[in-house]
Amino acid sequence: MLKAFRISYFLQNTYRVNSMIYSLKQIPLIGRLLPSALYGSRGLKCAVNGISFLWEILSAFLGKFLYLFLMVWLPLELYPAGTTRSDAFLHILVFLTVIGAMMNTWMFNPTNDKYYAMILMRMDARKYTLSNYIYAMMKFGVGFLPFSILFGERAGIPLVLCLLFPLFVVCAKMAFALIALKRYLRTGDCTNENVLDRYLWIFVFVLLAIAYGLPAVSVTLPLQAAGIIFLLVIFSGIYSGTVIRSFPYYREMYQQILARNRSAADVQTQVRKAVREQNQKYISQETDIKTRKKGFEAFHELFVRRHRKILWKPVKRTTGICSCALLGALIAVRISQPLETAVNSMMMSALPFFCFVMYMCNRGSIYTQVLFMNCDHSMLTYPFYKKPAFILKLFQIRLRELIKMNLPPAMVIGGGLALLLYVTGGTDNVLNYPVLILSVLGMSVFFSVHYLTCYYLLQPYNAYTDMVSTTYRLVTSGTYFVCLFLMRAELDTMVFGSLTILFCVGYCVTACVLVYRLAARTFRLRS
């Protein structure tokens, strides 16, 4: 079994190294300096192997720290003062662990390295699975241990429960893995963690509501009940481990899982087919859709009308959710005097937090994906479509449409913040009201311009609609982390709002200039 793990580890590492070299070659300037011979460079592969090994160690701990900090520790700050911190911490932890165990057991995730090892290289499926499963569970447990002690003791959790939590996580995953194996033996149908059943998603949302909603009304699992759940899951996990170890049909099971995700050894084929079929459901098949406009205006209006469901339906849903959240906040501040004071103070210093909210509400990523899949991947084969004047014209038309899509939730959020400020006591400076509204609208416009500009300057898709641009991923990931960082910033509303508005105007002008000058070379089909 140790030999099987060693071979599989080197296989995974080789795949990871080659993927990293490929990603580096996709970055402008850097890619031109890196020849294809690097794939056979022993020195470079040793260096990247070292980076890969460090990342393996870092990922074992960093991901667990962020999970406990963002998903468990930070929400505790939002609950009323009467909520027992230790009970709320354990309550959230238990239900999130159940969700994580259901959705990610590791065993039923059809990854490329499993396909290469068990199907192409014909490795012993049982030895491969068990050796890698043991390693994955050990990584989970070791990664959680220091941070469960760190956050648990700060929340007032007894040390024994902090020490048992990593074992609880591992045993929960093993218990759900056993359920899936029993289901395979009974029905012959195996689980695929990449394709979750709709009813499972409903159950997940119910558990999320229980995890975060009940502590808000001071209803939590008692400490003793959480301890009993820990012990029951640990005992069931120990039993599950014995069954997992002796399960005899790993090869047959993985052949079924991987076959569903492969077509001529290409996992993307099925994904593309599924995406195309899903998109077809949202594209209008009406033949009488007409327009009185001309040129690119007519071209884009017909596109929007045909794709109205996929473009505008989520906007209406997001606007509705924001409206409900605003109504709930207004009711809450009228009921609770301490909450009213806290919200008024927050309105004057926590505007940067709403950068992340607007980032989440923004439709730029989906909009550009729909544009490429259902329009640009065909039109880019025509030379006239890549002329600078035509590119800028269509960019401006599309930007106007994207801004219109992002404005409804932004207007609700911006107007809602100003209304919350007013009903919670107001402010001495009346300019704070328009600044709140305009700054949120400015954030919405910025994200609209940002995503469309990235699309035109970095065009991340190839002819098969697969995203292949590493630079695009780096830019969008950087945007996410900047917004995440701003969540914790506290700046005066007037100062931050004014800077946001000015930055948005400057970014719009700069984007139009860059698109006009560069997009003729960058807005193209990738190989």
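Looking now at the side chain of R398. Topologically, R398 is positioned in helix 17 (residues 388-423). Judged by its relative accessible area of 1%, R398 falls in the buried class. Looking at R398, its side chain comes within polar contact range of the side chain of Y385, at 3.0 Å.

The contact between helix 4 (residues 85-103) and helix 7 (residues 159-187) brings their axes to 8 Å, and the two run at 30°. It follows from the interaxial angle that helix 4 and helix 7 lie roughly parallel. Both helix 4 and helix 7 take part in a crossing whose hand is right-handed. Where helix 4 approaches helix 7, its residues L90, L93, V94, T97, V98, G100, A101 and M102 are matched on the opposing element by L161, F165, F168, V169, A172, K173 and F176.

Right, let's talk about helix 12 (residues 295-306) for a bit. Its 12 residues place the ends of helix 12 17 Å apart at the C-alpha level, agreeing with the 16 Å of an ideal helix rising 1.5 Å per residue. Contact partners of the buried residues in helix 12: helix 13 (308-335), helix 16 (364-379) and helix 17.

Now for the state of the cysteines. Using the criterion set out here, one finds zero disulfides in the structure. Here C508 is not disulfide-linked; the sulfur of C504 is the nearest cysteine sulfur, at 4.3 Å.

On to the side chain of D87. One can find D87 in helix 4. Lacking a salt bridge, the buried D87 has R85 as its closest oppositely charged neighbour, with an N-O distance of 12 Å. In this structure, D87 is in contact with T220, L221, P222 and L223, ignoring residues within four places of it in sequence.

Taken together, the side chains of K3, R6, R126, K127 and R245 make up a positively charged region of the molecular surface. Among the elements of the structure, helix 1 (2-25) and helix 6 (125-154) are those that each provide at least two residues to the positive patch. Relative to the helices and strands, R6 is located in helix 1.

The next thing to look at is the nonpolar core. By size, the foremost hydrophobic cluster in this structure holds 71 residues, and its most contacted members are L452 and Y456. The element best represented in this core is helix 17, accounting for 16 residues. Ignoring sequence-local partners within four residues, the contact set of Y456 consists of I391, L394, F395, R398, V515, A519, T522 and F523. Counting residues in hydrophobic clusters, the runner-up holds 66 residues, among them L93, M174, A180 and I257.

Let us now look at helix 9 (residues 223-246). Under the 1.5 Å per step criterion, the end-to-end length of helix 9 is 35 Å for 24 residues, consistent within 8% with the ideal 34 Å. Buried residues of helix 9: A226, G227, F230, V233, I234, G237, S240, V243 and I244, and no others.

If you walk through the whole model with that rule in mind, you get one cavity of 30 Å³ or more. The space that makes up the largest cavity amounts to roughly 60 Å³. Lining of the largest cavity is provided by L68, F89, L90, L93, S148, G152, I157, L161, C162, F165 and F230. The class makeup of the residues in the lining of the largest cavity is nine nonpolar, two polar and no charged.

What follows is about the confidence of the model for the protein. This prediction gives the protein a mean pLDDT of 81; 86% of its residues lie at or above 70. Here residues 263-268 is modelled with pLDDT under 50, and outside its nearest four sequence neighbours on either side it reaches nine contacts, counting other chains as well.

Moving on, we come to the pattern of salt bridges. One pass over the structure, following the stated rule, counts five salt bridges. Between R305 and E301 there is a salt bridge, with the nearest N and O atoms lying 2.8 Å from each other. Residue R305 and its partner E301 are located together in helix 12, separated by four residues, close to a single helical turn. By relative accessible area, R305 is classed as partly exposed at 39%. Between D376 and R398 there is a salt bridge, and its shortest N-O distance comes to 2.7 Å. Taken as a pair, D376 in helix 16 and R398 in helix 17 lie far apart in primary sequence, 22 residues in all. Just as D376 is buried, R398 falls in that class too.

On the surface, W55, L58, L62, L66, L70 and M71 cluster together into a nonpolar patch covering about 500 Å² of accessible area. For L66, the location among the structural elements is in helix 3 (residues 42-76). With relative accessibility at 36%, the residue L66 sits in the partly exposed group.

Calculation rules
- Residue positions within a chain follow its written sequence, with the count starting from 1.
- Whole-chain, interface and lining totals are the exception, using all residues; otherwise, since this is a predicted model, local features are given only for residues with pLDDT of at least 70 and side-chain atom pairs are given and counted only at 80 or more.
- No hydrogens and no water enter the side-chain calculation; it runs on all heavy atoms of the structure.
- Helix and strand definitions follow DSSP, with helices as H or I runs of at least four residues and strands as E runs of at least two, each counted in order from the N terminus.
- Each residue gets one of three labels from its accessible area relative to the maximum for its type: buried under 20%, exposed over 50%, partly exposed in between, using a 1.4 Å probe on protein chains only.
- Counted as a polar contact is a pair of N or O atoms within 3.5 Å, where, for protein atoms, one must be capable of donating a hydrogen and the other of accepting one, and residues adjacent in sequence contribute only when both atoms are in side chains.
- Axis lines are fitted to C-alpha atoms, over the contacting stretch for helices. Their N-to-C directions set the angle, which ranges from 0 to 180 degrees.
- The labels follow the angle: roughly parallel below 35 degrees, roughly antiparallel above 145, roughly perpendicular from 65 to 115, and oblique for the rest.
- Working rule for handedness: look at the near helix, and if it is turned counterclockwise from the far one by less than a right angle, call the crossing left-handed; if clockwise, right-handed.
- Any pair of residues with heavy atoms lying within 4.5 Å of one another is described as a contacting pair.
- Helix span, as expected, comes to 1.5 Å for every residue beyond the first.
- Only a pair of cysteine sulfur atoms within 2.5 Å counts as a disulfide in this structure description.
- Asp and Glu are treated as the negative residues and Lys and Arg as the positive ones, with His and the ends of the chain left uncounted.
- In what follows, salt bridge is the name for a side-chain nitrogen of Lys or Arg lying within 4 Å of a carboxyl oxygen of Asp or Glu.
- Residues enter a patch when their relative accessible area is above 30% and they make no salt bridge; the linking distance is 9 Å between like charges and 5 Å between nonpolar side chains (Val, Leu, Ile, Met, Phe, Trp, Tyr).
- Using the Shrake-Rupley algorithm and a 1.4 Å probe, accessible areas are obtained, with residue cover drawn only from the displayed protein chains.
- Throughout, a charge is located at the NZ atom of Lys, the CZ atom of Arg, the CG atom of Asp or the CD atom of Glu.
- Residues belong to a common nonpolar core when they are buried Ala, Val, Leu, Ile, Met, Phe, Trp, Tyr or Cys residues joined through side-chain atoms within 4.5 Å.
- Buried and open spaces are told apart on a 1 Å grid over the protein atoms alone, a cavity being a set of points where a 1.4 Å probe fits but cannot get out and a pocket being an open set with protein on both sides within 12 Å along at least five of seven lines. Residues with an atom within 4 Å of a point are the lining residues.
- Grid points are joined across faces, edges and corners, and a volume is the space filled by probe spheres set on the points.
- Ten residue types, Ala, Val, Leu, Ile, Met, Phe, Trp, Tyr, Cys and Pro, are classed as nonpolar, four, Asp, Glu, Lys and Arg, as charged, and the remainder, Gly among them, as polar.
- Residue-level confidence of the predictor, termed pLDDT, takes values from 0 up to 100.

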